[in-house]
Amino acid sequence: MIPDKIKLEIYTPDRKVFSEEIDSVRLPGADGYFGVFPGHTPYISVLGIGEIKVETAGESRSFATTGGLAEVLPSGIAVLAESCEVASDIDVERAQSAEERARTRLQEGRKTWDVQRAHVALAKAINRMKIASL
Amino acid sequence: MATLRDIKRRISSVKSTQQITNAMKMVAAAKLRRAQERLLSARPYAESLRTIISHVAAQEDQSLHPLLAVRDPKRVGYLVITSDRGLCGSFNANVTRRAQVEIDSHQAGEATLSNFGRKGVEFFTRRGYELSERYVNLFNELEFRHAQEVAASIQSRYLSEEVDRVYVVYNRFKSAGSQEVRVDQVLPIEPAPPTAEKYIPAEYFYEPSAQRILDEAIPRNLRTQIWLSLLESNAAEHGARMVAMDSATENAKEMIYNLTLTYNKARQAAITTEISEIVGGAEALRG
């Protein structure tokens, strides 16, 4: 029988961000978003920059993540995120200045390494702002 | 014999030392609490990461990732973690002595050494050891990016085959009062066999591929392991300092007690001498 709840745990290198029984979660897989419901098959995925959306009892909560890994097992879901913030905790001003910084770097565009880093920084900043404004 | 004034001066000097050691004990206790919290909250991430790697490694070929590849350990790298500051008992001596034994067990040129923490850098430089990397005065503002930096350097030296095996030598935090010197292998990464409790031997679905998962997980695991060792050492250091400062304060207390006793005895003796002089003088006058 398939249980109607599944345990979700979200960790970052410096703390445990989330640990609850949930109805479902949508995660930003490296190749696109995927949803996990109770009874999912064992699954490991690389996560990209994006939104983690948790559904519990008709209520949904959003987190901004900059990527990591997720492991889905019948016993629960473990998300290992590089960083993960609840929408309400996002520092919008910091994200904005990060966006500006990334944009100016992209305009200057010198070495390929810098350009790549600036693109990633830009994507992170935009993602944070998007989730904060949800 | 020391005069009364000398003893009094010593008492007040010991007292002010006691105040300092006592204050340092309090500071260490506060820092220990914070360091311990950080350590405890970092452990679950590291554990889950190890679990994932053990699950993937159990099913897939280990040659999938270069950091899993075991080579003949001809050249061994050591990362020694000490504190930046002293006054923490045998904390640094324990770890540097152990590291020295490990390094000296290899033939010259086979072991390379890097050090995190000023005390260890001083120790090894004084003894003429060559340090390939030194990280100094970072514990005060310890952040994950420091671990990233260390891990990046270790990883590149491993991949360029400058070293075939890497160990971290550090103090592990057991409790506020006790530390344990550990020599942990960080590279090549040896995935633990999966524990039965969570492990499902069925096929996993990998997204996008087992290769990509390992590419993400393994460098991350190295960083996390370094980070955890730094946090362990940090918490252990404050614990050791707290204990050292506590016993210093206790010793000062005992010293003050003894000095006060000597002072009182000397004072008593002086009074007795004075009285007998007066009595003697009066006696002489009467005669």
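Residues numbered from 1 in each chain as written. Chains lettered and ligands numbered in written order. Predicted model: local features only at pLDDT ≥ 70, side-chain atom pairs only at ≥ 80, totals over all residues. Heavy atoms only, no water.

Considerations on the overall build of chain A
Item 1. A tally of helices and strands in chain A yields 2 helices and 10 strands.
Item 2. Helices and strands in chain A line up, N terminus first, as β-β-β-β-β-β-β-β-β-β-α-α.
Item 3. In terms of its C-alpha atoms, chain A occupies a principal-axis envelope of roughly 60 × 25 × 25 Å.
Item 4. By residue count, 46% of the 134 residues in chain A fall in the buried class.
Item 5. Within chain A, contacts between residues separated by at least 24 positions form 50% of all contacts whose residues are at least 6 apart in sequence.
Item 6. Of the roughly 6,900 Å² that chain A leaves accessible, carbon and sulfur atoms contribute 49%.
Item 7. When the 17 positive and 20 negative side-chain charges of chain A are each reduced to one mean point, those points stand 6 Å apart. (Helix = DSSP H or I, 4+ residues; strand = E, 2+ residues; numbered from the N terminus. Buried < 20%, exposed > 50% of the residue type's maximum accessible area, 1.4 Å probe, protein only. Contact = heavy atoms within 4.5 Å. Areas by Shrake-Rupley, 256 points an atom, 1.4 Å probe, with all protein chains shown as cover. Lys, Arg positive; Asp, Glu negative; His and termini not counted. Charge placed at Lys NZ, Arg CZ, Asp CG, Glu CD.)

Side note on the pattern of salt bridges
Item 1. On inspection of all chains with the given rule, the structure shows 23 salt bridges over all chains.
Item 2. Here Glu 20 of chain A makes a salt bridge to Arg 61 of chain A, at a shortest N to O gap of 3.1 Å. Taken together, the positions of Glu 20 of chain A in strand E2 (residues 15–22) and Arg 61 of chain A in strand E7 (residues 59–65) put the pair 41 residues apart, joining distant regions of the chain.
Item 3. A relative accessible area of 33% places Glu 20 of chain A in the partly exposed class.
Item 4. Exposure remark for Arg 61 of chain A: the relative accessible area of 25% places this residue in the partly exposed category.
Item 5. We note a salt bridge from Arg 71 of chain B to Glu 161 of chain B, for which the minimum N-O separation is 3.8 Å. Of this pair, Arg 71 of chain B sits in the loop between helix H1 (4–59) and strand E1 (76–81) while Glu 161 of chain B sits in the loop between helix H4 (144–159) and strand E4 (165–175), and the two are 90 residues apart along the sequence.
Item 6. Since its relative accessible area comes to 51%, Glu 161 of chain B is described here as exposed. (Salt bridge = Lys/Arg side-chain N within 4 Å of Asp/Glu carboxyl O.)

Some remarks on the interface of chain B and chain A
Interfaces are frequently sized by the accessible area removed from exposure as the parts join.
Item 1. Tallying the contact residues gives 24 residues for chain B and 25 residues for chain A.
Item 2. Considering only the surface of chain B that becomes buried against chain A, Tyr 45, Ile 52 and Glu 207 of chain B emerge as the three largest contributors, covering 28% of it.
Item 3. Counting across the chain B and chain A interface gives 1 salt bridge.
Item 4. Across the salt bridge formed by Glu 82 of chain A and Arg 220 of chain B, the nearest N and O atoms sit 3.6 Å from each other.
Item 5. Where chain B meets chain A, there are 4 residue pairs in polar contact (both at pLDDT 80 or more).
Item 6. Of all the secondary structure elements, the ones that give two or more residues to the side of chain B that touches chain A are H1, strand E6 (205–207) and helix H5 (210–286) of chain B.
Item 7. At 9 residues, the largest contribution of residues to the side of chain B that touches chain A is made by H1 of chain B.
Item 8. Counted by class, the side of chain B that touches chain A contains 15 nonpolar, 3 polar and 6 charged residues.
Item 9. In the sheet, strand E5 (residues 43–47) of chain A pairs with E6 of chain B via 3 bridges, with the strands oriented parallel. (Buried area = accessible area lost by both parts, 1.4 Å probe. Polar contact = N/O pair within 3.5 Å; in protein donor to acceptor, adjacent residues only side chain to side chain. Nonpolar A, V, L, I, M, F, W, Y, C, P; charged D, E, K, R; others polar. Pairing = 2+ DSSP bridges.)

Re a positive patch on the surface
All names here are of chain A.
Item 1. A contiguous patch of positive charge on the surface is contributed by Arg 94, Arg 101, Arg 105 and Arg 117.
Item 2. For the positive patch, the element with the most residues is helix H1 (residues 92–108), which contributes 3 residues.
Item 3. With respect to the helices, strands and loops of the structure, Arg 94 is situated in helix H1.
Item 4. Overall, the relative accessible area of 61% leaves Arg 94 in the exposed class. (Patch = residues over 30% accessible without salt bridge, like charges linked within 9 Å, V, L, I, M, F, W, Y side chains within 5 Å.)

Things to note about H4 of chain B
Residues and elements named next belong to chain B.
Item 1. Between its first and last C-alpha, H4 extends 22 Å over 16 residues, near the 22 Å set by a 1.5 Å rise per residue.
Item 2. Three or more residues of H4 are buried, namely His 146, Ala 147, Val 150, Ala 151, Ser 153, Ile 154, Gln 155, Arg 157 and Tyr 158.
Item 3. On its buried face, H4 is in contact with E1, strand E2 (111–116), strand E3 (131–135), E4, strand E5 (178–187) and H5.
Item 4. Note on H4: the residue one or two positions beyond its end, Glu 161, has a positive phi of about 60 degrees. (Expected span 1.5 Å × (residues − 1).)

Brief notes about the sheet that holds E4 of chain B
Residue and element names in this part refer to chain B.
Item 1. One open sheet holds the 5 strands; their spatial order is E3-E2-E1-E4-E5, and the pairing between them is mixed. Lying at the two open borders of the sheet, with one neighbouring strand each, are E3 and E5. Ignoring which end each strand starts from, the neighbouring axes of this sheet average 20 degrees apart.
Item 2. Direction of pairing for E2 relative to E3: parallel, over a ladder of 4 bridges. Along E3, the bridge assignment pairs Phe 116 with Tyr 135.
Item 3. Taken strand by strand, H4 contacts E1, E2, E3, E4 and E5, and its axis lies near 165 degrees from that of E3. (Axes fitted to C-alpha atoms, helices over the stretch in contact; angles between N-to-C directions.)

Topic: the environment of Pro 191 of chain B
Item 1. Relative to the helices and strands, Pro 191 of chain B is located in the loop between E5 and E6.
Item 2. The exposure class of Pro 191 of chain B is partly exposed, given its relative accessible area of 23%.

Describing the nonpolar core
Item 1. Ile 81, Phe 116, Leu 187, Ile 226 and Leu 230 of chain B are the most contacted members of the largest nonpolar core, which has 55 residues in total.
Item 2. Breaking this core down by element, the ones donating at least two residues are E5 and strand E8 (68–73) of chain A together with H1, E1, H4, E4, E5 and H5 of chain B.
Item 3. The element that contributes the greatest number of residues to this core is H5 of chain B, accounting for 14 residues.
Item 4. Apart from the residues lying within four places of it in its own chain, the contact partners of Ile 81 of chain B are Val 95, Phe 116, Phe 139, Val 168, Val 169, Tyr 170, Ser 229, Leu 230 and Ser 233 of chain B.
Item 5. The next biggest cluster of nonpolar side chains, apart from the first, holds 21 residues, and it includes Val 25, Val 79, Ala 81 and Cys 84 of chain A. (Core = buried A, V, L, I, M, F, W, Y, C linked by side-chain atoms within 4.5 Å.)

Points about the domain arrangement of chain A
All names here are of chain A.
Item 1. Partitioning chain A into domains gives domain 1 (6–87) and domain 2 (91–132).
Item 2. Its C-alpha centre places domain 1 at a distance of 24 Å from the equivalent point of domain 2.
Item 3. Each partner contributes to the interface: domain 1 provides 12 residues, whereas domain 2 provides 7 residues.
Item 4. One can count 2 salt bridges joining domain 1 with domain 2.
Item 5. Residue Arg 128 pairs with Glu 85 through a salt bridge whose shortest N-O separation is 2.8 Å.
Item 6. Seen at the junction of domain 1 and domain 2, the total is 4 residue pairs in polar contact (both at pLDDT 80 or more).
Item 7. For the side of domain 1 that touches domain 2, the secondary-structure elements that each account for two or more residues are strand E6 (50–56) and E7. (Domains from an automatic or database assignment.)

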